[in-house]
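# Chain and residue survey
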Amino acid sequence: MERIEHRACFGGWQDVYRHRSTALGCDMQFAVYLPPQAAQRRLPVLYWLSGLTCTEQNVITKAGAQRYAAEHGVILVAPDTSPRGDAVADAEGYDLGKGAGFYLNATQAPWAAHYRMYDYVVEELPALVEANFPVTAARAISGHSMGGHGALVCALRNPGRYRSVSAFSPIVAPSQVPWGQKAFAAYLGEDRHAWKQYDAAELVGTATERLPLRVDQGDADEFLDAQLRPQLLQAACDAAGHPLDLRLQPGYDHSYYFIASFIGEHIAHHAAAL
């Protein structure tokens, strides 16, 4: 593991590391924000999953999250959104291939060789973080758009692994919207039963842990009606009796201006659980 960025930030350090990923079969980068409290004691970790086209850089440069992580004493870890490198399969367009890993384990060629972001986020990255940084065993997870989908899926499929989960503008029912349908057909094949394991609206019905879901969604989001459709998650949670705090925020779009406006509330929410 090699540290490639090291910058003072709100009394702590914003770092970026590069390492060889066994799960993905390529070199990967992830960001770690160590608040000032990390110099004295071990701290809980909030994992952030970014959306389509993003890398680890988007959240650390645009969200303003470090201020709140320093305030609450929480370490922030943000991986890239897909495998990278010349050997990694790619596709035309922004919603499939590099930058669009969808936080699943692909089963179809040519994607299956590298696209195993679910294993990376749930198993490999936390093991690396816990072996190399002053962290406790307390974890939370959040994300935006495709990353919001990933956060919800990782939490719902792994009872007891996360103390809390939240999402901004998540793709809540990828099996029912164009972004998810395109990605799932390519990565997982045409068997729609296999899609359910990565679909939050499907997973709430069989979840064995009633971990509350917190979702913020802008009502001026340009992708709201075609791709995000939070009402589908609301209906699934209502049917299953799963706790959901869905907040429609007037005037906000899909951008990091939205995230920056509410990231402080989300970090406070996670800090209370952690």
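Attention here is on the structure that accompanies the text. (Residues numbered from 1 in each chain as written. Predicted model: local features only at pLDDT ≥ 70, side-chain atom pairs only at ≥ 80, totals over all residues. Heavy atoms only, no water.)

## A short note on the environment of Ser166
Heads up, the rule is: Note on conventions: DSSP H or I runs of at least 4 residues are helices, E runs of at least 2 residues are strands, and numbering of each starts at the N terminus. Whether two residues are in contact is decided by their heavy atoms, any of which lying within 4.5 Å being enough. Definition of a polar contact: a pair of N or O atoms within 3.5 Å, with one able to donate and the other able to accept a hydrogen when the atoms are protein atoms, and with sequence-neighbouring residues admitted only if both atoms are side-chain atoms.
Structurally, Ser166 can be placed in strand 7 (residues 164-168). Through-space distance from the C-alpha of Ser166 to that of Leu246 is 9.9 Å; in sequence the pair is 80 residues apart. In this view, Ser166 contacts Ile141, Ser142, Gly143, Ala151, Arg214, His266 and His270; residues no more than four positions away in its chain are not counted. Only 2.8 Å separates the side chain of Ser166 from the side chain of His270, close enough to count as a polar contact.

## Thoughts on the nonpolar core
What counts, and what does not: The criterion is simple. A nonpolar core is a set of buried Ala, Val, Leu, Ile, Met, Phe, Trp, Tyr and Cys residues joined through side-chain atoms within 4.5 Å. Each residue gets one of three labels from its accessible area relative to the maximum for its type: buried under 20%, exposed over 50%, partly exposed in between, using a 1.4 Å probe on protein chains only.
The biggest cluster of nonpolar side chains holds 73 residues, and the ones touching the most others in it are Phe30, Phe102, Ile141, Tyr187 and Leu233. One finds Cys9, Ala63, Phe168 and Ile263 within the second-largest nonpolar core, a separate group that totals 25 residues.

## Let's talk about the side chain of Arg161
Our working definition: Charge counting follows a simple rule: Lys and Arg are positive, Asp and Glu are negative, and His as well as the terminal groups are ignored. Only one rule defines a salt bridge in this text: a Lys or Arg side-chain nitrogen within 4 Å of an Asp or Glu carboxyl oxygen.
Assignment of secondary structure puts Arg161 in the loop between helix 4 (146-157) and strand 7. The buried charged residue Arg161 lacks any salt bridge partner; its closest oppositely charged side chain belongs to Glu123, at an N-O distance of 4.1 Å.

## A word on the side chain of Gln249
Structurally, Gln249 can be placed in strand 9 (residues 244-249). A relative accessible area of 13% places Gln249 in the buried class. A distance of 2.9 Å separates a polar atom in the side chain of Gln249 from a polar atom in the side chain of Asp216.

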